[in-house]
Amino acid sequence: MRTTILQAAVKVLMPIFLAYSLYLLFRGHNNPGGGFIGALVLSIGLVFHMIAFGVPATRRIYKINTMVLTSVGLLISSLAAVSSLFFEGVFFEAIWTDIHIVGLGTLSSVLMFDVGVYLAVTGSILKIAFSIFNE
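Residues numbered from 1 in each chain as written. Predicted model: local features only at pLDDT ≥ 70, side-chain atom pairs only at ≥ 80, totals over all residues. Heavy atoms only, no water.

1. Concerning the environment of Arg-2
Right, so step 1: Looking at the secondary structure, you find Arg-2 in the segment before α1 (4-27).
Right, so step 2: On the accessibility criterion, Arg-2 (45% relative accessible area) is partly exposed.
Right, so step 3: With 87 residues separating them along the chain, Arg-2 and Gly-89 place their C-alpha atoms 54 Å apart. (Helix = DSSP H or I, 4+ residues; strand = E, 2+ residues; numbered from the N terminus. Buried < 20%, exposed > 50% of the residue type's maximum accessible area, 1.4 Å probe, protein only.)

2. So, α1
Right, so step 1: Its 24 residues give α1 an end-to-end C-alpha distance of 35 Å, which sits within 8% of 34 Å, the value for a rise of 1.5 Å per residue.
Right, so step 2: At Leu-13, α1 shows its largest kink, close to 35°, and the proline Pro-15 lies no more than four residues downstream.
Right, so step 3: Considered for burial, the residues of α1 that qualify are Val-10, Met-14, Phe-17, Ser-21, Leu-24 and Leu-25.
Right, so step 4: Looking at the buried side of α1, the elements it contacts are α2 (35-53), α3 (55-62) and α5 (109-133). (Expected span 1.5 Å × (residues − 1). Bend = angle between axes of the 7 residues up to and from the residue. Contact = heavy atoms within 4.5 Å.)

3. Some words on α3
Right, so step 1: Along α3, the residues that are buried comprise Val-55, Ala-57 and Thr-58. Across the axial projection of α3, the buried residues extend over an arc of 165°, all falling on one side.
Right, so step 2: Turning to α3, the residues buried within the fold contact α2 and α5.
Right, so step 3: Looking one or two residues beyond α3, the residue adopting positive phi is Lys-63, at roughly 50°. (Arc of directions from axis to C-beta.)

Structure follows, in structure tokens:
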């Protein structure tokens, strides 16, 4: 269903989906939100793009490799989970640093875990969507 109205709407809405998904991601380690729901919002935007423009155009424009995205996400999440073991903590214990990122707060293993979940969920959902919508 490639209509001009849908394509125009998706072009306007895609940056909003991306910005809101990043807002949810970075808000989530201190408040409700996080990597999972942020990834769902981003995936919804990309699925709308696939419906409007097709899978080949979405892959070409956003340069998405779902396997790499999922693998990197799982690696980051795993490293965040075991990082506390290197500092004489227990598995999955949160580690907070003194590094303060303006607008995001303090860098922590919780944020890194959320980023990993964000990438892994986005890659997984897009792999399914690409398979379903493949032309």
